[in-house]
Amino acid sequence: MKLSLERYLFTALKWIIPGVFFEAVFCALYFTGIIESAICGIVCVGYPLIIIPGIYYLIMFFVFKKKCENFTPSEGVIVNWEAGFFRPTGAVIVKVDDKEYSTSAYFNQDDAKEMVGKTVTYAIIDETLFIYEIIS
């Protein structure tokens, strides 16, 4: 599987699986009457909002899976990285014709830092950098 597809799927599952598990536990405790706390009820209702990033990455997995088949990958060098919205995440950047394109923030920041200077095969899909594989 292509590197970006793997990262989209892994990130989606990283958000969705714990979210669904904790949601099920809280709802079971609340609705069976074991915990009659208002906080537990609020968590039951509000926690699905927390898995929205996971849903986004899952949708993007399927979108890019279809789109990446129609692109011929180019070869380039990762020139920089940037921090993501959530603290430990990061994205990598490739410069093409004096314009910078970045991936979504699905890498760990340490991994993104280590990727700077590496050669990759990539495609620019909808103004987003899509990495097929790391060559060196």
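Look a little higher up for the structure.
The residue numbering used here restarts from 1 in each chain and proceeds along that chain's sequence as written. Residues qualify for local features only when their pLDDT is at least 70, as the model is predicted, and side-chain atom pairs are given and counted only at 80 or more; totals for whole chains, interfaces and linings, by contrast, use all residues. Note: side-chain values were computed over all heavy atoms of the structure, leaving out hydrogens and water.

**A look at the overall build of the protein**
For step 1, the next point in the chain: By definition, any uninterrupted DSSP run of H or I lasting at least four residues is a helix, any uninterrupted run of E lasting at least two residues is a strand, and each is numbered from the N terminus. The helix and strand tally for the protein stands at 4 helices and 6 strands.
For step 2, the next point in the chain: Each helix and strand of the protein, placed in order from N terminus to C terminus, yields the pattern α-α-α-β-β-β-β-α-β-β.
For step 3, the next point in the chain: Residues count as neighbours in contact if any of their non-hydrogen atoms are within 4.5 Å of one another. At a minimum sequence separation of 6, the contacts of the protein that also span at least 24 residues come to 56%.

**Some points on the layout of surface pockets**
For step 1, the next point in the chain: For cavity detection a 1 Å grid was placed over the protein atoms alone, and a set of points counts as a cavity when a 1.4 Å probe fits there but cannot get out; an open set counts as a pocket when protein lies on both sides within 12 Å along at least five of seven lines, with lining residues being those that have an atom within 4 Å of a point. Grid points are joined across faces, edges and corners, and a volume is the space filled by probe spheres set on the points. What the largest pocket holds in volume is close to 190 Å³.
For step 2, the next point in the chain: As for the largest pocket, its lining consists of Thr11, Lys14, Trp15, Pro53, Tyr57, Phe85, Phe86, Pro88, Thr89, Ala105 and Tyr106.
For step 3, the next point in the chain: Elements that contribute at least two residues to the lining of the largest pocket include exactly helix 1 (3-31) and helix 3 (52-67).
For step 4, the next point in the chain: The biggest single contributor to the lining of the largest pocket is helix 1, with 3 residues.
For step 5, the next point in the chain: Tallied by class, residues from the lining of the largest pocket come to 8 nonpolar, 2 polar and 1 charged. Amino acids outside the nonpolar list (Ala, Val, Leu, Ile, Met, Phe, Trp, Tyr, Cys, Pro) and the charged list (Asp, Glu, Lys, Arg) are all regarded as polar, and Gly is one of them.

**Details of the pattern of salt bridges**
For step 1, the next point in the chain: Salt bridge, as used here: a side-chain nitrogen of Lys or Arg that lies within 4 Å of a carboxyl oxygen of Asp or Glu. Taken as a whole and assessed by the stated rule, the structure comprises 2 salt bridges.
For step 2, the next point in the chain: Of the charged contacts, one joins Lys67 and Asp126 as a salt bridge, the two residues approaching to 2.3 Å between their closest N and O atoms. You can see Lys67 sitting in helix 3 and its partner Asp126 sitting in the loop between strand 5 (119-125) and strand 6 (128-134), a full 59 residues away along the chain.
For step 3, the next point in the chain: On the basis of relative accessible area, Asp126 is assigned to the exposed category, the value being 53%.
For step 4, the next point in the chain: Residues Glu127 and Lys99 are paired through a salt bridge, measuring 3.0 Å at the closest nitrogen-oxygen approach. Of this pair, Glu127 sits in the loop between strand 5 and strand 6 while Lys99 is found in strand 3 (residues 99-102), placing the two residues 28 residues apart along the sequence.
For step 5, the next point in the chain: A residue is classified by how much of its surface remains accessible, and Lys99, at 40% relative accessible area, is partly exposed. Exposure classes here rest on a 1.4 Å probe applied to the protein chains alone. A residue is buried below 20% of its type maximum, exposed above 50%, and partly exposed in between.

**Thoughts on the environment of Ser4**
For step 1, the next point in the chain: Mapped onto the secondary structure, Ser4 falls in helix 1.
For step 2, the next point in the chain: As a C-alpha pair, Ser4 and Cys68 span 64 residues in sequence and 10.0 Å in three-dimensional space.
For step 3, the next point in the chain: Setting aside residues no more than four positions away along its own chain, Ser4 makes contact with Tyr106, Leu129, Phe130 and Ile131.
For step 4, the next point in the chain: Polar contacts here mean pairs of N or O atoms no more than 3.5 Å apart (in protein, one a potential hydrogen donor and the other a potential acceptor; neighbouring residues in sequence count only if both atoms are side-chain atoms). Polar contacts involving the side chain of Ser4 include one to the side chain of Tyr106, which spans 2.6 Å.

**Description of helix 3**
For step 1, the next point in the chain: By this rule, a helix spans an expected 1.5 Å times one less than how many residues it contains. In this model, helix 3 (16 residues) spans 22 Å end to end at C-alpha, consistent with the 22 Å of a helix rising 1.5 Å per residue.
For step 2, the next point in the chain: Residues of helix 3 that are buried include every one of Pro53, Gly54, Tyr57, Met60, Phe61 and Phe64, and no others. Each buried residue of helix 3 lies within a common arc of 120 degrees when the element is viewed along its axis, so the set occupies one face.
For step 3, the next point in the chain: Where helix 3 is buried, its residues meet helix 1, strand 5 and strand 6. What the arc measures is the spread of directions leading from the helix axis to the C-beta atoms.

**Some thoughts on the nonpolar core**
For step 1, the next point in the chain: By nonpolar core we mean a set of buried residues, namely Ala, Val, Leu, Ile, Met, Phe, Trp, Tyr and Cys, connected to one another through side-chain atoms within 4.5 Å. If you look at the biggest cluster of nonpolar residues, it comprises 25 residues, and the most contacted ones within it are Val92, Phe107 and Ile131.
For step 2, the next point in the chain: At the level of elements, helix 1, helix 3, strand 2 (89-96), helix 4 (109-115), strand 5 and strand 6 are the ones that each hand at least two residues to this core.
For step 3, the next point in the chain: In this structure Phe107 touches Leu3, Arg7, Pro88, Thr89, Gly90, Val92, Ala112, Met115 and Ile131, once residues within four positions along its chain are discounted.

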